[in-house]
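One-letter residues, chain by chain:
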Amino acid sequence: MLADTEADLTAQTPAGPRLTAVPNTAAPTADTLIANLDKGALFAPTATQQTFGQYDQVPVLRYTTSATPNEGETVEIVAITVAPNEAYLMTLEAPSSGWSAAQATLEGVVASASINAQLFPK
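Residues numbered from 1 in each chain as written. Predicted model: local features only at pLDDT ≥ 70, side-chain atom pairs only at ≥ 80, totals over all residues. Heavy atoms only, no water.

Participant: Mind showing me how you'd approach the sheet that holds strand 1 (residues 2-3) here?
Facilitator: Sheet strands pair via backbone hydrogen bonds, and the direction of the pair is either parallel or antiparallel. Within the open sheet, the six strands sit side by side as 1-2-6-5-4-3. Their pairing is antiparallel. At either margin of the open sheet sits one strand with a lone partner, and together these are strand 1 and strand 3 (43-52). The pairing of strand 3 with strand 4 (residues 55-64) spans seven bridges and is classified as antiparallel. If you follow Thr-46 over to strand 4, its bridge partner there is Arg-62. Most of the contacts of helix 3 (residues 99-112) go to strand 6 (residues 86-95), to which it runs at about 155 degrees, and overall it touches strand 1, strand 2 (18-24), strand 3, strand 4, strand 5 (73-83) and strand 6. (Pairing = 2+ DSSP bridges. Helix = DSSP H or I, 4+ residues; strand = E, 2+ residues; numbered from the N terminus. Contact = heavy atoms within 4.5 Å. Axes fitted to C-alpha atoms, helices over the stretch in contact; angles between N-to-C directions.)

If you want it as structure tokens, here you go:
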């Protein structure tokens, strides 16, 4: 987990940008991880595919946590398949009012990450 401040590492809603990466063995691929998310609880979810560094056509789901984006938090969930049956969920979060500034930085961290599935025990 990465954040601008130590307090944001454990905050329910961070005051600044935060990135969390979690290995997920419950779903064999990134597409399955995104498909299994409960989108009914999300405000204005949009699903796209992007390239992140060495990872092409990565499923991305972006949504806000409030009915008014300026009042809430914008969250982007990036799911990356790194090997057969090895997928990771990366959650990028920032206050909606500062999302534009934080998005490029957070996505840059994901793009520059070289994920080695062997480093994360199941």
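Back to the text.
Participant: What am I meant to see in the pattern of salt bridges here?
Facilitator: For side chains bearing opposite charge, pairing can occur when the charged atoms are close. Considering all chains together, one arrives at three salt bridges under this definition. Note that Arg-18 and Glu-93 form a salt bridge whose closest N and O atoms lie 2.9 Å from each other. Here Arg-18 is found in strand 2, whereas its partner Glu-93 is found in strand 6, with 75 residues between them in sequence. Exposure remark for Arg-18: the relative accessible area of 5% places this residue in the buried category. For Arg-62, the salt bridge goes to Glu-107, with nearest N and O atoms at 3.7 Å. Of this pair, Arg-62 sits in strand 4 while Glu-107 sits in helix 3, placing them 45 residues apart in sequence. Connected through salt bridges with shared partners, the residues Arg-62, Glu-76 and Glu-107 form a single ionic network. (Salt bridge = Lys/Arg side-chain N within 4 Å of Asp/Glu carboxyl O. Buried < 20%, exposed > 50% of the residue type's maximum accessible area, 1.4 Å probe, protein only.)

Participant: Help me understand the nonpolar core, please; the structure alone is not making it clear to me.
Facilitator: In globular proteins that are soluble, nonpolar side chains generally tend to be buried together. Within the largest apolar cluster, 14 residues are counted, with the highest numbers of intra-cluster contacts made by Val-78, Ile-80, Leu-92 and Val-110. Elements that contribute at least two residues to this core include exactly strand 4, strand 5, strand 6 and helix 3. Excluding residues that lie within four positions of it along the chain, Leu-92 makes contacts with Arg-18, Leu-19, Thr-74, Val-75, Glu-76, Val-78, Trp-99, Leu-106, Glu-107 and Val-110. If you look at the next biggest cluster of nonpolar residues, it comprises eleven residues, including Ala-30, Leu-61, Tyr-63 and Ala-87. (Core = buried A, V, L, I, M, F, W, Y, C linked by side-chain atoms within 4.5 Å.)

Participant: Would you explain the environment of Ala-83 in this entry?
Facilitator: The topology assignment puts Ala-83 in strand 5. On the basis of relative accessible area, Ala-83 is assigned to the partly exposed category, the value being 26%.

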